Protein chains: 2
Amino acid sequence: MNDEATHRDFKNRLYEQFARVGKAIASPARIEFLELLAQGERTVDSLAKETGLSLANASQHLIALREAGLVLSRKAGLSVHYRLADPSVFELTRAMRIVAERRLAEIDRLVAEHFVGRADSEAVSFEDLLAKARSGEVVVLDTRPAHEYEAGHIEGAVSAPVDALQARLRTLPKSKEYVAYCRGPYCVYADQAVELLRANGRTAHRLQDGYPEWKAAGLPVETV
Amino acid sequence: MNDEATHRDFKNRLYEQFARVGKAIASPARIEFLELLAQGERTVDSLAKETGLSLANASQHLIALREAGLVLSRKAGLSVHYRLADPSVFELTRAMRIVAERRLAEIDRLVAEHFVGRADSEAVSFEDLLAKARSGEVVVLDTRPAHEYEAGHIEGAVSAPVDALQARLRTLPKSKEYVAYCRGPYCVYADQAVELLRANGRTAHRLQDGYPEWKAAGLPVETV
DNA sequence: TTCATAATCAAGAAATCTATTGAGTACTTG
DNA sequence: CAAGTACTCAATAGATTTCTTGATTATGAA
């Protein structure tokens with residue numbers, strides 16, 4: 001087929017290409033962007049503001065992600081909207097997260113410290129939610145910012161951004177059961193919502209994972 | 001739960017941990033090591049020789065992988081043996097490969113150039129092989145170096161390193177059908193074996209993927 | 001004990017990556 | 001058209017990564 005030297009050269013070039021993808025997820029800032037983009041399309045400006053990075057810096061990171069093939073962009077008016085290029089990109093971030101969770105003790109320490117009092121046993125699994133949803137007794141609350149809800153949410157979920165939840169309490173009857181979700185396993189919006197709801201006499205639980213995981217599992221979603 | 005600043009700090013620390021894993025797969029050399037380690041345990045020296053890196057350099061990369069939690073090591077006599085720390089590490093490399101294949105045109109170009117004449121349609125899928133194996137008419141050839149076969153191989157496969165295949169031809173009757181596999185989709189040993197077998201009047205096909213993929217799929221494996 | 005081997009450590013040069021700053025471009029609005 | 005906004009580009013300092021070289025440690029063999 002090919003000689004030894006040619007083959008070594010091929011391998012080197014191939015691994016170099018794979019490494020382009022690896023390098024893309026080698027920076028905390030870019031990993032955070034990928035997590036936010038897993039919720040839906042976002043502009044450079046909005047990503048920069050949410051993460052606290054300067055606009056120029058955010059732009060450079062996004063360009064790096066685009067050059068590694070992980071995201072795509074489109075220009076609309078003044079803004080440039082970035083989005084994940086392929087579902088496989090979310091799978092990659094998930095694979096990275098799983099390795100980190102299994103192998104880095106530091107993660108356990110951080111999570112235990114930050115989510116004091118969060119009992120994993122209280123979280124509702126996707127199967128549980130699907131079963132409850134059929135019974136009609138459960139209200140699913142999307143606690144992410146409104147624009148993320150609009151970009152896509154769990155079928156039948158109601159937008160209830162955690163900032164605005166207090167004001168919406170009147171519209172949430174005590175007779176119902178609530179399940180709150182947000183961006184993913186480390187997102188706190190759902191936890192905060194559950195806390196607030198319980199403090200106000202509602203029955204509420206957190207969904208085990210977030211919207212991107214739900215969507216990746218092929219479960220029903222809705223876009224406005 | 002926690003205030004805004006504390007939460008930002010938690011996120012930063014968390015993404016930093018994820019990035020440790022990302023950084024580990026951001027180097028072509030380390031990616032190659034992970035692919036080799038997916039075949040089974042190997043010593044620093046053997047990895048250095050196979051990849052052409054200096055011993056010190058190989059050692060440093062392996063230490064970096066260990067510190068990121070991706071591999072484990074054990075000392076036996078003079079040698080230190082490294083191995084993948086967890087099946088999730090192979091899944092991570094696979095996720096990276098899939099993103100690269102889907103998103104980087106350069107990969108298609110490289111593969112098309114290097115594997116001239118390789119028809120993907122000729123490859124045998126895992127299901128095909130399982131069906132054929134039951135009929136008993138197929139011989140499965142492991143074309144990797146002997147020590148990789150010994151570290152673990154597809155159940156029922158015969159070790160037939162491609163270097164030694166010519167000499168073994170006499171023991172391979174023309175009446176049988178052969179399926180050759182090796183390290184993975186970009187490994188050429190199986191292609192070379194198929195070529196040699198066909199040139200000598202045998203019916204031979206390449207298996208679609210390699211041993212690590214077979215094992216990850218939960219299909220039957222054997223260790224000596 | 002002496003020697004050889006396998007691996008790691010330590011130090012340094014070169015390359016690469018990251019964040020910042022300031023300028024420049026494209027587009028929208030008044 | 002002028003002003004403002006969103007983004008990118010270009011240049012740069014500082015940090016990090018990579019590879020090399022030579023020394024050091026640990027183990028096994030003679």
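Below you will find a few notes about this structure. Nothing here was measured: the structure is a model prediction, and the numbers come from that model.

Reading the values: rules and limits
Throughout this description, residue numbers start from 1 for each chain and increase along the sequence as written. Numbering of ligands from 1 and lettering of chains from A proceed in the order in which they are written. Thresholds applied to this predicted model are a pLDDT of at least 70 for local features of residues and 80 or more for the giving and counting of side-chain atom pairs; totals over whole chains, interfaces and linings are not thresholded and use all residues. By convention in this description, side-chain values take in all heavy atoms of the structure and omit both hydrogens and water. Any Phe, Tyr or Trp ring, taking Trp's six-membered ring, that has another such ring centre within 6.5 Å forms a pair; planes under 30 degrees apart are called stacked, those over 60 apart edge-to-face, and the others tilted. Secondary structure elements follow DSSP: runs of H or I of four or more residues count as helices, runs of E of two or more count as strands, with numbering from the N terminus. Only protein chains enter the accessibility calculation, which uses a 1.4 Å probe. A residue is then buried if its area is under 20% of the maximum for its type, exposed if over 50%, and partly exposed in between. Superposing copies: least-squares fit, C-alpha atoms only, residues required to have pLDDT of at least 70 in both. The contact definition used throughout considers only heavy atoms, calling two residues in contact when any of these lie within 4.5 Å. Here, axes are lines fitted to C-alpha atoms. For helices the fit covers the stretch in contact, and angles between N-to-C directions go from 0 to 180 degrees. Angular relationships are summarised with four words: roughly parallel below 35 degrees, roughly antiparallel beyond 145, roughly perpendicular across 65 to 115, and oblique for the angles in between. Working rule for handedness: look at the near helix, and if it is turned counterclockwise from the far one by less than a right angle, call the crossing left-handed; if clockwise, right-handed. We call Asp, Glu, Lys and Arg charged. Ala, Val, Leu, Ile, Met, Phe, Trp, Tyr, Cys and Pro are nonpolar, and the rest, Gly among them, are polar. Buried area: the accessible surface (1.4 Å probe) lost by two parts on joining, summed over both. Each reported salt bridge corresponds to a side-chain nitrogen of Lys or Arg within 4 Å of a carboxyl oxygen of Asp or Glu. Definition of a polar contact: a pair of N or O atoms within 3.5 Å, with one able to donate and the other able to accept a hydrogen when the atoms are protein atoms, and with sequence-neighbouring residues admitted only if both atoms are side-chain atoms.

### What to know about the packing of aromatic side chains
Given two aromatic rings, their pairing is described by the distance between the two centres and the angle made by the two planes.
All names here are of chain A.
Working step 1: Counted by the stated rule, this structure contains eight aromatic pairs over all chains.
Working step 2: Judged by centre distance (6.2 Å) and plane angle (65°), the rings of Y15 and F18 are edge-to-face. Remark: F18 and Y15 occur in helix 1 (residues 4-24); sequence separation between them is three residues, near one turn of the helix. Like F18, Y15 is buried.

### A closer look at the relation of the copies chain B and chain A
Working step 1: Relative to chain A, chain B is turned by 180° and slid 0.0 Å along the rotation axis, the superposed coordinates differing by an RMSD of 0.0 Å. Viewed as a symmetry operation, the transformation between the two copies matches a two-fold axis.
Working step 2: A share of 98% of the interface residues of chain B reappears at the interface of chain A, consistent with the copies meeting face to face through the same patch.

### Things to note about the packing of helix 5 (residues 87-103) of chain A against helix 5 (residues 87-103) of chain B
Working step 1: Interhelical geometry of helix 5 of chain A versus helix 5 of chain B gives an angle of 160° and a closest axis separation of 9 Å. In terms of orientation, helix 5 of chain A lies roughly antiparallel with respect to helix 5 of chain B. Seen along the crossing, helix 5 of chain A lies across helix 5 of chain B with a hand that is left-handed. Contacts between helix 5 of chain A and helix 5 of chain B involve S88(A), V89(A), E91(A), L92(A), A95(A), M96(A), I98(A), V99(A) and R102(A) from the first element and S88(B), V89(B), E91(B), L92(B), A95(B), M96(B), I98(B), V99(B) and R102(B) from the second.
Working step 2: For the contact of helix 5 of chain A with helix 5 of chain B, the per-class residue count stands at twelve nonpolar, two polar and four charged.

### Points about the interface of chain B and chain A
Note: interface size is frequently given as the accessible area lost on complex formation between the parts.
Working step 1: With 59 residues of chain B at the contact, the number on the chain A side is 58 residues.
Working step 2: Each partner contributes to the roughly 5400 Å² buried at the junction of chain B and chain A, and carbon and sulfur atoms together form 68% of this total.
Working step 3: Where chain B packs against chain A, one counts four salt bridges.
Working step 4: Between D86(A) and R102(B) there is a salt bridge; the shortest N-O distance is 2.8 Å.
Working step 5: Inspection of the region where chain B meets chain A yields ten residue pairs in polar contact (both at pLDDT 80 or more).
Working step 6: When residues of the side of chain B that touches chain A are traced back to their parent elements, those giving at least two are helix 1 (4-24), helix 2 (28-37), helix 3 (44-51), helix 5, helix 6 (105-114) and helix 10 (189-199) of chain B.
Working step 7: Considering every element that reaches the side of chain B that touches chain A, the biggest residue donor is helix 1 of chain B, with 16 residues.

### Considerations on the packing of helix 1 of chain A against helix 6 of chain B
Working step 1: Close contact between helix 1 of chain A and helix 6 of chain B brings their axes to 10 Å; oriented N to C, the two are set at 165°. What the angle tells us is that helix 1 of chain A and helix 6 of chain B run roughly antiparallel. When the axes of helix 1 of chain A and helix 6 of chain B are compared, the crossing they make is left-handed. Of the residues in helix 6 of chain B, those in contact with T6(A), H7(A), F10(A), R13(A), L14(A), Q17(A), F18(A) and R20(A) of helix 1 of chain A are E106(B), I107(B), L110(B), V111(B) and H114(B).
Working step 2: Along the lines of polarity and charge, the residues of the contact of helix 1 of chain A with helix 6 of chain B split into six nonpolar, four polar and three charged.

### Quick look at the environment of K23(A)
Working step 1: Considering the arrangement of structural elements, one finds K23(A) in helix 1.
Working step 2: On the basis of relative accessibility, which here comes to 46%, the residue K23(A) falls in the partly exposed class.
Working step 3: Between the C-alpha atom of K23(A) and that of A64(A), which follows or precedes it by 41 residues, the distance is 9.3 Å.
Working step 4: Those residues in contact with K23(A), other than ones at most four positions away along the chain, are R30(A), I25(B) and A26(B).
Working step 5: For K23(A), the side chain forms a polar contact with the main-chain oxygen of A26(B), separated by 3.3 Å.

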